[in-house]
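# Geometric and topological summary
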Amino acid sequence: MPTTLDLGRATHVLGSRTLLMGILNVTPDSFSDGGRHNALDAALDRAVLMVEEGADLVDVGGESTRPGSTEIDAETELSRVLPVLERLGERIAVPVSIDTYKAAVADRALQAGAHIINDVWGLQRDPDMAAVAAAHGAPVIVMHNRREVDPALDIVDEVRSFFLRSLVIAEKAGIREDRIVLDPGIGFGKTLPQNVELIARLDAVRAMGLPVLLGASRKSLIGGLTGIAVGDRLPGTIATHMLGVARGADILRVHDVAAHVQAVKVTDAIVRAAKPAGWRGEG
């Protein structure tokens, strides 16, 4: 199993510290920040700020995947992300991921300067996605997703089975194991209790031996537990993410980078001090 994570533009030793992925939504309708950064200059400035605050990578998305969102075609998505990707390399030095489930968008985005594919359907929706990743040698974030919620599922078994299917697809396409990250997909096709259970048992996902990304920033999980509106969910987000770090998360996908930098410094110091050398969250 990999002990390092190759992100194309940077390589990180797993278990040394928690990485932060800053969210850059260049959409008019994302659930938390839609419309704030869909102008080119605003998007670039936001990316620069997140890196200055401590983001290790930036995730660019041109289509909202919130519940109830309307799907858009590839050309519309590309019209939103390509201008940003073509300029980001001049402004920031960290790896950039393209948040898309469309192979055509991923291909063009990688040509324009993205380094990583962040696929919310885990290589299982677009049959060409794995081949695109392999052709570019691009790292892939494989997220669990479901079209329908099923409260009867053992959600951890479901997520692990989904990932095993994704890993077979990746292997057949020739995607290197040290370039795969698993994302349990908090808020995607799951009930509130299932989301809670998945975070509580995140170590069972980490036990698959691959890096884990956790993204619960401002999500309905937090609203469901607290009744707090989207814009006021930072304390709940940090609590959720730090518990995830304690259970093996390697990367956190966040809106609020500066606050998470402080939180992960403290959490890493405590959690990693209590673990044996080389601990990566298995078991």
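All of these numbers come straight from a predicted model, not from anything done at the bench.

Let's shift gears to the overall build of the protein chain. When helices and strands are tallied, the protein chain shows 10 helices and 10 strands. Its C-alpha atoms give the protein chain a radius of gyration of 17 Å, near enough to 19 Å, the size a compact globule of 283 residues would have. Overall size of the protein chain, expressed as C-alpha extent along the three principal axes, is 45 × 45 × 40 Å. The buried share of the protein chain, reckoned over its 283 residues, is 55%. Here the protein chain displays about 11,400 Å² of accessible surface, and carbon together with sulfur accounts for 52% of that area.

Here the focus is the pattern of salt bridges. In the structure shown here, the tally under the stated rule is 17 salt bridges. One salt bridge in this structure joins Arg176 and Asp6, with 3.2 Å as the shortest N-O distance. Of the two residues, Arg176 is situated in the loop between α5 (155-173) and β8 (180-183) and Asp6 in strand β1 (residues 4-6); the sequence distance between them amounts to 170 residues. Taking relative accessible area as the criterion, Arg176 reaches 44% and is therefore assigned partly exposed. By relative accessible area, Asp6 is classed as buried at 12%. Note that Asp154 is salt-bridged to Arg201, the shortest N-O span being 3.6 Å. With Asp154 in the loop between β7 (140-143) and α5 and Arg201 in the loop between α6 (192-200) and α7 (202-206), the pair connects residues that are 47 residues apart, well separated along the chain. A single salt-bridge network, built from bridges that share partners, covers Asp6, Arg176, Asp178 and Arg179.

So, about the packing of aromatic side chains. Considering all chains together, one arrives at 1 aromatic pair under this definition. Each ring, one from Phe162 and one from Phe163, has its centre 6.1 Å from the other, and the planes form 70 degrees; the classification is edge-to-face. Overall, Phe162 belongs to the buried group, its relative accessible area being 3%. What makes Phe163 buried here is its relative accessible area of 0%. When the ring centre of Trp121 is taken as reference, the NZ or CZ atom of Arg147 above it lies at 5.0 Å.

Let us now look at the packing of α5 against α6. Put simply, α5 and α6 touch, their axes get as near as 9 Å, and they point 70 degrees apart. In terms of axis orientation, α5 runs roughly perpendicular to α6. Here Ile155, Val156 and Val159 of α5 come into contact with α6, specifically with Gln194, Glu197 and Leu198. Within the contact of α5 with α6, the residues separate by chemical class into 4 nonpolar, 1 polar and 1 charged.

A few words now on the packing of helix α1 (residues 40-53) against helix α2 (residues 74-91). Running from amino to carboxyl end, α1 crosses α2 at an angle of 40 degrees, the nearest separation of the two axes being 10 Å. Between α1 and α2, the angle falls in the class oblique. For the crossing formed where α1 meets α2, the hand is right-handed. Contact with α1, carried on its side by Leu40, Ala43, Leu44, Asp45, Ala47 and Val48, involves Pro83, Val84, Arg87, Leu88 and Arg91 of α2 and no other residues of that element. For the contact of α1 with α2, a count of residues per class yields 8 nonpolar, no polar and 3 charged.

Rules and cut-offs
- Residues numbered from 1 in each chain as written.
- Predicted model: local features only at pLDDT ≥ 70, side-chain atom pairs only at ≥ 80, totals over all residues.
- Heavy atoms only, no water.
- Helix = DSSP H or I, 4+ residues; strand = E, 2+ residues; numbered from the N terminus.
- Rg over C-alpha atoms; globule rule 2.2 N^0.38 Å.
- Buried < 20%, exposed > 50% of the residue type's maximum accessible area, 1.4 Å probe, protein only.
- Areas by Shrake-Rupley, 256 points an atom, 1.4 Å probe, with all protein chains shown as cover.
- Salt bridge = Lys/Arg side-chain N within 4 Å of Asp/Glu carboxyl O.
- Phe/Tyr/Trp six-rings, centres within 6.5 Å; stacked < 30°, edge-to-face > 60°.
- Lys NZ or Arg CZ within 6 Å of the ring centre and 35° of its normal.
- Axes fitted to C-alpha atoms, helices over the stretch in contact; angles between N-to-C directions.
- Parallel < 35°, antiparallel > 145°, perpendicular 65-115°, else oblique.
- Contact = heavy atoms within 4.5 Å.
- Nonpolar A, V, L, I, M, F, W, Y, C, P; charged D, E, K, R; others polar.
- Left-handed = near helix turned anticlockwise from the far one by under 90°.

Honestly, it's all geometry; don't read function into it.
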